[in-house]
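Structural overview for review
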Amino acid sequence: MKMEWVPGRNGYDIPVRASWAGEEQVVIICHGFGSSKASPMVEALMQTLPKQGITAVAFDFPAHGDSPVDGAYLRVPYCIDDLETVEAWVRTILPKASVGYFGSSFGAYITLLRLGRDPVQGAKAFLRSAAVTMPKLVNTWLDQRAKGSLSERGYFVPDYDYVREMRIIPPFLVDLAEHDVFTRYQKGLADLAMVHGAKDSVAPPEDAQRFAAQFGADLLLLPNGEHPLMGKGELEQVLQKTIEFFGGGEK
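Residues numbered from 1 in each chain as written. Predicted model: local features only at pLDDT ≥ 70, side-chain atom pairs only at ≥ 80, totals over all residues. Heavy atoms only, no water.

Next up on the list: the pattern of salt bridges. Per the stated rule, a full pass over the model turns up 15 salt bridges. Between Arg114 and Glu84 there is a salt bridge; the shortest N-O distance is 3.8 Å. One end of the pair, Arg114, is in helix H3 (residues 106-117); the other, Glu84, is in helix H2 (residues 76-93), and 30 residues separate them in sequence. Three or more residues are tied together by salt bridges with common partners; here these are Arg9, Asp81, Glu84, Glu87, Arg91, Arg114 and Arg117. (Salt bridge = Lys/Arg side-chain N within 4 Å of Asp/Glu carboxyl O. Helix = DSSP H or I, 4+ residues; strand = E, 2+ residues; numbered from the N terminus.)

Structure representation (structure tokens):
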């Protein structure tokens, strides 16, 4: 899988990987916060979907993975722009393909915002461990240490073992406050499937259930699942549900 560099709208190129498999169905994969297009979940999708005749495309959000920019470019509108840019790039290569979305956690949040900003007829989106209350989740990181760092340095770094150092700047916090999926997304914009862990301590399952009920999403709740959904048999369930949702067939 060769990495491509797709020119973005905001002054930087977007690193993209693609596993091409036919011209009928493409799934664009959006990774979670602090993760990358090389995460275990993305790797599994990149290996599995093409076997079902589904082209898989993954990219890095700004300040993630191989992205050439730092936390100053980690803005919600830029993330939405990058998803739309990658989608447009895919459509130039496979103009007749049906394009769907797979979003994990923060990637699911961005996917919903993208569909709310510029609806796509017949859209389908699979949401894994969706951070539908991303603004609330990030606010829980704002302890005294983080507030002190914001005041002294103009950014803070969440206390998580991310792939890269994630610098959170005040404009990103403002973006989150202005981008609530419960108000920006509308029922009927897409066919939605969700899978979530009942023991998810990062993105509360209650929020996923509330979103699914309000917007008519098909939600599968895994009883022992935590946020990564990498427990015994969970990855296999996610992959199988994804294949069923996008209509793949063994090639």
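Following the structure, the description resumes.
Counting across every chain of the model gives 21 aromatic pairs. Residues Phe33 and Phe172 carry aromatic rings whose centres are separated by 6.0 Å and whose planes lie at 25 degrees to one another, so their mutual orientation is stacked. Of this pair, Phe33 sits in the loop between strand E3 (25-30) and helix H1 (40-48) while Phe172 sits in helix H6 (residues 170-178), and the two are 139 residues apart along the sequence. For Phe33, a relative accessible area of 10% corresponds to the buried category. Relative accessible area serves as the criterion here: at 0%, Phe172 is assigned to the buried category. An angle of 40 degrees between the planes, with centres 6.3 Å apart, marks the rings of Tyr73 and Tyr78 as tilted. With relative accessibility at 25%, the residue Tyr78 sits in the partly exposed group. Members of the aromatic cluster, each reached through a chain of ring pairs, are Phe33, Phe59, Phe61, Phe106, Tyr109, Trp141, Tyr160, Tyr162 and Phe172. Stacked on the ring of Phe245, the Lys or Arg Lys124 has its end atom at 4.4 Å from the ring centre. The positively charged end of Arg210 is found above the aromatic ring belonging to Phe182, 4.1 Å away from the centroid. (Phe/Tyr/Trp six-rings, centres within 6.5 Å; stacked < 30°, edge-to-face > 60°. Buried < 20%, exposed > 50% of the residue type's maximum accessible area, 1.4 Å probe, protein only. Lys NZ or Arg CZ within 6 Å of the ring centre and 35° of its normal.)

With their axes 9 Å apart at the nearest point, H2 and H3 run at an angle of 75 degrees to one another. One way to sum up the angle between H2 and H3 is to call them roughly perpendicular. Contacts between H2 and H3 involve Val76, Pro77, Cys79, Ile80, Asp81, Leu83, Glu84 and Glu87 from the former and Phe106, Tyr109, Ile110, Thr111, Leu113, Arg114 and Arg117 from the latter. In the contact of H2 with H3, the residues fall into 9 nonpolar, 1 polar and 5 charged. (Axes fitted to C-alpha atoms, helices over the stretch in contact; angles between N-to-C directions. Parallel < 35°, antiparallel > 145°, perpendicular 65-115°, else oblique. Contact = heavy atoms within 4.5 Å. Nonpolar A, V, L, I, M, F, W, Y, C, P; charged D, E, K, R; others polar.)

Attention shifts here to the pairing of strand E5 (residues 98-104). Of all 7 residues in E5, 6 are buried; the element is thus mostly enclosed. Note that E3 and E5 share 6 bridges and pair parallel. In the strand pairing of E5, Gln25 is matched with Ser98. As defined by bridge partners, E5 adjoins strand E6 (residues 124-128) across 4 bridges and the pair is classed as parallel. (Pairing = 2+ DSSP bridges.)

So, about the pairing of strand E4 (residues 55-59). The element E4 is largely enclosed, with a buried count of 5 among its 5 residues. The two faces of E4 match: Thr55, Val57 and Phe59 on one face and Ala56 and Ala58 on the other face are all buried. In the sheet, strand E2 (residues 13-19) pairs with E4 via 4 bridges, with the strands oriented antiparallel. Within E4, the residue paired with Val16 across the bridge is Phe59.

Put simply, the largest pocket is a space of about 740 Å³. Lining the largest pocket are 34 residues, with Phe33, Ser105, Tyr162, His227 and Pro228 positioned closest to its centre. Mapped onto the lining of the largest pocket, the elements with two or more residues apiece are E3, H1, E5 and helix H4 (134-139). Counting residues per element, the lining of the largest pocket draws most heavily on H1, which supplies 4 residues. Taken together, the residues of the lining of the largest pocket sort by class into 19 nonpolar, 11 polar and 4 charged. (1 Å grid on protein atoms, 1.4 Å probe; cavity = no way out; pocket = protein on both sides within 12 Å on 5 of 7 lines; lining within 4 Å. Points joined across faces, edges and corners; volume = space filled by probe spheres on them.)

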